[in-house]
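Residue-level listing of the chains:
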Amino acid sequence: MRRTIGSSGLSVAPIGLGGMPMSIQGRPPEAEALRTIHAALDAGMDFIDTADVYCKDDTDIGHNERLIAKALRDRADGRSVVVATKGGLERPKGDWTTNGRPEHLRSACDRSLAALGVDQIQLYQLHAPDDDVPFADSVGALAELRAAGKIAHVGLSNVSVAEIEAARAIVPIVSVQNRCNPFDRSAWTDGVVQYCTANGLAFLPYSPVGGGRGKAKVATDKTLVAVGQRHGVSPFQVTLAWLLAKSPVMLPIPGASKVASAVDSAAAMKLVLTAEDLAELDRAFPT
Ligand SMILES: NC(=O)c1ccc[n+]([C@@H]2O[C@H](COP(=O)([O-])OP(=O)(O)OC[C@H]3O[C@@H](n4cnc5c(N)ncnc54)[C@H](OP(=O)(O)O)[C@@H]3O)[C@@H](O)[C@H]2O)c1
């Protein structure tokens with residue numbers, strides 16, 4: 001039932017919470033966001049994905065990390081929650097730009113440590129390769145942060161198989177986070193899911209139910225809706241359970257800014273799709 005994050009030794013519930021919608025444009029009031037995080041944890045999630053740049057713009061860096069830290073401080077249940085964050089992007093005037101320079105990654109990591117209120121980040125992911133910086137320099141900076149004990153484990157995001165292999169020659173990599181959902185199956189066509197499965201790296205599909213714009217497609221897709229109706233569950237749950245069934249290394253991180261979304265996604269952990277369901281889904285969404 002639980003899944004491990006690569007060779008990290010960290011074991012988490014198979015569905016995690018994506019923090020982004022609680023902090024970017026259109027975000028909910030803070031009280032609603034805090035209720036959403038608590039609802040996700042109460043429903044059994046214990047893995048949260050965030051990033052320094054989940055915020056409105058460069059005046060607001062760390063918004064999502066501070067929100068998660070606040071929610072975790074308020075909890076008295078003593079359950080451990082794995083928080084993964086990222087560095088390597090910036091938000092000038094609300095835009096999204098890459099900055100994989102080692103000096104940026106070092107200061108971003110220090111800011112994330114402060115925002116999360118921890119001495120060590122459990123999983124620190126390079127948000128994306130920076131075309132203007134040698135990839136090995138960015139990964140090398142993360143290797144140094146790991147050696148210094150500021151981060152326990154290194155992950156990558158938005159990478160190809162060649163980049164994963166290049167990074168693994170520099171530092172152990174425990175996870176890869178790329179976009180992946182029924183309507184964006186490039187993680188299979190480019191071989192990243194297969195590579196992670198074969199090498200025991202966790203694969204964290206981001207925007208697993210289509211993202212802010214694509215979620216309407218999941219909500220109305222006839223196959224997802226039909227399978228959901230057979231089980232009395234939402235097409236979102238069917239999507240997440242299908243992803244989980246695709247590989248033992250899958251760890252979807254559906255985003256939520258509402259309590260209902262987080263609770264519904266968490267319930268996908270318990271949904272067992274039949275062989276017939278899976279065959280129907282694979283015909284609709286061939287990988
Ligand atoms: N590494 C990267 O470059 C990258 C890029 C994008 C995202 N991410 C990460 O991946 C996470 C997930 O991606 P995402 O947030 O873009 O898209 P997503 O998980 O596909 O979710 C999109 C929206 O769908 C709604 N939703 C999710 N589960 C639902 C459910 N069970 N029932 C009804 N509605 C549901 C939520 O709406 P409400 O907001 O209305 O609750 C959510 O905001 C992010 O939060 C972030 O942590 C990483």
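Residues numbered from 1 in each chain as written. Predicted model: local features only at pLDDT ≥ 70, side-chain atom pairs only at ≥ 80, totals over all residues.

**Some remarks on the overall build of the chain**
In terms of regular secondary structure, the chain is built from 12 helices and 11 strands. Taken over C-alpha atoms, the radius of gyration comes to 18 Å for the chain, in line with the 19 Å a tight globule of 287 residues would show. If one aligns the C-alpha atoms of the chain with their principal axes, the spans along those axes are about 50 × 40 × 35 Å. By residue count, 48% of the 287 residues in the chain fall in the buried class. Sequence separation of 24 or more characterises 73% of the internal contacts of the chain that already satisfy a separation of 6 or more. (Helix = DSSP H or I, 4+ residues; strand = E, 2+ residues; numbered from the N terminus. Rg over C-alpha atoms; globule rule 2.2 N^0.38 Å. Buried ≥ 20, exposed ≤ 12 C-beta atoms within 10 Å, placed from the backbone. Contact = placed C-beta atoms within 7 Å.)

**Brief notes about the packing of helix 3 (residues 102-116) against helix 4 (residues 135-147)**
Across the interface, helix 3 lies against helix 4 with an axial gap of 8 Å and an inter-helix angle of 35°. In this structure, helix 3 meets helix 4 at a crossing whose hand is right-handed. Contact with helix 3, carried on its side by Pro102, Leu105, Arg106 and Cys109, involves Asp137, Ser138, Gly140, Ala141, Leu142 and Leu145 of helix 4 and no other residues of that element. When the residues that make up the contact of helix 3 with helix 4 are grouped by side-chain class, the tally is 6 nonpolar, 2 polar and 2 charged. (Axes fitted to C-alpha atoms, helices over the stretch in contact; angles between N-to-C directions. Left-handed = near helix turned anticlockwise from the far one by under 90°. Nonpolar A, V, L, I, M, F, W, Y, C, P; charged D, E, K, R; others polar.)

**Concerning the sheet that holds strand 8 (residues 121-126)**
For sheets, the rule is that strands pair by backbone hydrogen bonds, running either parallel or antiparallel. Strand order in this open sheet of 7 strands is 3-4-5-8-9-10-11, and the pairing throughout is parallel. Lying at the two open borders of the sheet, with one neighbouring strand each, are strand 3 (17-18) and strand 11 (202-203). Alignment of strand 9 (residues 151-157) against strand 10 (residues 173-177), held across 4 bridges, turns out to be parallel. Each residue of the ladder has a partner; that of Leu156, found in strand 10, is Val176. Contacting strand 5 (82-87), strand 8 and strand 9, helix 3 crosses the sheet at an angle of about 150° to strand 5. (Pairing = 2+ DSSP bridges.)

**Examining unusual backbone geometry**
Backbone phi values are negative for most residues with the exception of glycine, while trans is the configuration of most peptide bonds. In the Ramachandran plot, Asn158 falls in the positive-phi region, its phi being about 60° despite a non-glycine side chain. Note on Asn158: 19 C-beta atoms within 10 Å, which makes it partly exposed. We note that Ser207 has phi near 50°; this positive angle belongs to a residue other than glycine. Mapping Ser207 onto the fold places it in the loop between strand 11 and helix 8 (211-220).

**Brief notes about the site of the ligand**
The ligand sits among 28 residues. The nearest are Gly18, Met20, Phe236, Gly255 and Ser261. Contributing elements (two or more residues each) for the shell around the ligand: helix 8 and helix 11 (259-267). Broken down by class, the residue content of the shell around the ligand amounts to 9 nonpolar, 15 polar and 4 charged. (Near = placed C-beta within 6 Å.)

**Topic: the pairing of strand 5**
By the criterion of burial, strand 5 is predominantly enclosed, with 5 of the 6 residues buried. The pairing of strand 4 (residues 47-49) with strand 5 spans 3 bridges and is parallel. Bridge pairing in strand 5 places Asp49 opposite Ala84. Read from strand 4 through helix 2 (residues 63-73) to strand 5, the crossover connection turns out right-handed. Where strand 5 and strand 8 come together, 4 bridges link them in parallel fashion. (Right-handed = clockwise from strand over helix to strand, strands pointing away.)

**Looking at the pairing of strand 9**
Taken across its 7 residues, strand 9 has 6 buried, putting it largely inside the fold. Where strand 8 and strand 9 come together, 5 bridges link them in parallel fashion. What sits directly across from Leu123, in strand 9, is His153. A crossover connection joins strand 9 to the parallel strand 10 through helix 5 (residues 161-168); in handedness this β-α-β unit is right-handed.

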